[in-house]
Amino acid sequence: MAKDPLAEAGFYFDDLNKLRVLEPDVSQKTSELKEECKEFVDKIGQFQKIVGGLIELVDDLAKEAETEKMKAIGARNLLKSVAKQREAQQQQLQALIAEKKMQLERYRIEHEALSKVESEQNEFIDQFILQK
């Protein structure tokens, strides 16, 4: 059986009797590969959209976490500030208490001195009245 002289030269006829340079099997596999590539590219596009949405969601969550972190740091700093203010206020009040205690002691001593002077003056008045 003799081979087709066109096939030996690399020319083939397809189902529609069109002259082709590729073998029908190779042409069919090329078409199938083209379709598979198109499906693959479509799936990659869908995957990129999904991944893009996921990245956007993660970025939003990261921003929200950063915001909450800053709020927590601010609250912690505020708490430390309030604690320091209370400590300073406590020290001021303790100093005021010490000052008032010293003032009270001075008043007590002054009261004792004035009471002594009063009693001496009353004694003097009583003696003066008795001498008359």
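Please read these numbers as outputs of a predicted model, since none were measured by experiment.

Chemist: Describe the overall build of the protein chain, with residues and values.
Modeler: Helix and strand content of the protein chain: two helices and two strands. Counting from the amino terminus, the protein chain carries its helices and strands in the arrangement α-β-β-α. Across the 132 residues in the protein chain, those meeting the buried criterion constitute 2%.

Chemist: Describe the pattern of salt bridges, with residues and values.
Modeler: Taken as a whole and judged by the stated rule, the model has four salt bridges. Across the pair D42 and K38 runs a salt bridge, and its minimum N-O distance is 3.7 Å. Of the two residues, D42 and K38 both sit in helix α2 (residues 24-131), four residues apart, roughly one turn of that helix. Of the residues examined, D42 reaches a relative accessible area of 40% and is grouped as partly exposed. The exposure class assigned to K38 is partly exposed, which follows from its relative accessible area of 48%. One salt bridge connects R108 with E112, and the closest N-O pair in it is separated by 2.4 Å. Pair noted here: R108 and E112 are both in helix α2, with a separation of four residues, about one helical turn. A relative accessible area of 45% places E112 in the partly exposed class. A cluster of three or more residues bridged by salt bridges with shared partners is formed by E105, R108 and E112.

Chemist: I'd like to hear about the UniProt feature "coiled-coil region" (unreviewed entry) in the protein chain, residue by residue, with values.
Modeler: Residues annotated by UniProt as "coiled-coil region" (unreviewed entry) correspond here to residues 79-117. Counting secondary structure, residues 79-117 comes out at 100% helix and 0% strand; the distance between its end C-alpha atoms is 56 Å.

Chemist: With reference to specific residues and values, describe a nonpolar patch on the surface.
Modeler: Taken together, the side chains of L54, L57, V58 and L61 make up a nonpolar region of the molecular surface, amounting to roughly 380 Å² of accessible area. One can find L57 in helix α2.

Chemist: Describe a negative patch on the surface, with residues and values.
Modeler: Taken together, the side chains of E32, E35, E36 and E39 present a region of like negative charge at the surface. For E39, the position within the fold is in helix α2. For E39, a relative accessible area of 47% corresponds to the partly exposed category.

Chemist: Got a sec to walk through the packing of aromatic side chains? Specific residues and values, please.
Modeler: Applying the stated rule across the entire model yields one aromatic pair. Taking the centre distance of 6.4 Å and the plane angle of 20° together, the rings of F124 and F128 count as stacked. Of the two residues, F124 and F128 are both situated in helix α2; the distance of four residues between them amounts to about one turn of the helix. Among the residues examined, F124 registers a relative accessible area of 56% and is labelled exposed.

Chemist: Tell me about the confidence of the model for the protein chain, residues and numbers included.
Modeler: Of all residues in the protein chain, 85% have pLDDT values of 70 or greater, and the mean over the chain is 89. The weakest mean pLDDT in the protein chain belongs to helix α1 (residues 5-9) at 64; the strongest belongs to α2 at 95.

The rules we used
Residues numbered from 1 in each chain as written. Predicted model: local features only at pLDDT ≥ 70, side-chain atom pairs only at ≥ 80, totals over all residues. Heavy atoms only, no water. Helix = DSSP H or I, 4+ residues; strand = E, 2+ residues; numbered from the N terminus. Buried < 20%, exposed > 50% of the residue type's maximum accessible area, 1.4 Å probe, protein only. Salt bridge = Lys/Arg side-chain N within 4 Å of Asp/Glu carboxyl O. UniProt positions renumbered as here; feature names shortened; annotations may be inferred. Patch = residues over 30% accessible without salt bridge, like charges linked within 9 Å, V, L, I, M, F, W, Y side chains within 5 Å. Areas by Shrake-Rupley, 256 points an atom, 1.4 Å probe, with all protein chains shown as cover. Lys, Arg positive; Asp, Glu negative; His and termini not counted. Charge placed at Lys NZ, Arg CZ, Asp CG, Glu CD. Phe/Tyr/Trp six-rings, centres within 6.5 Å; stacked < 30°, edge-to-face > 60°. pLDDT = per-residue confidence, 0-100.

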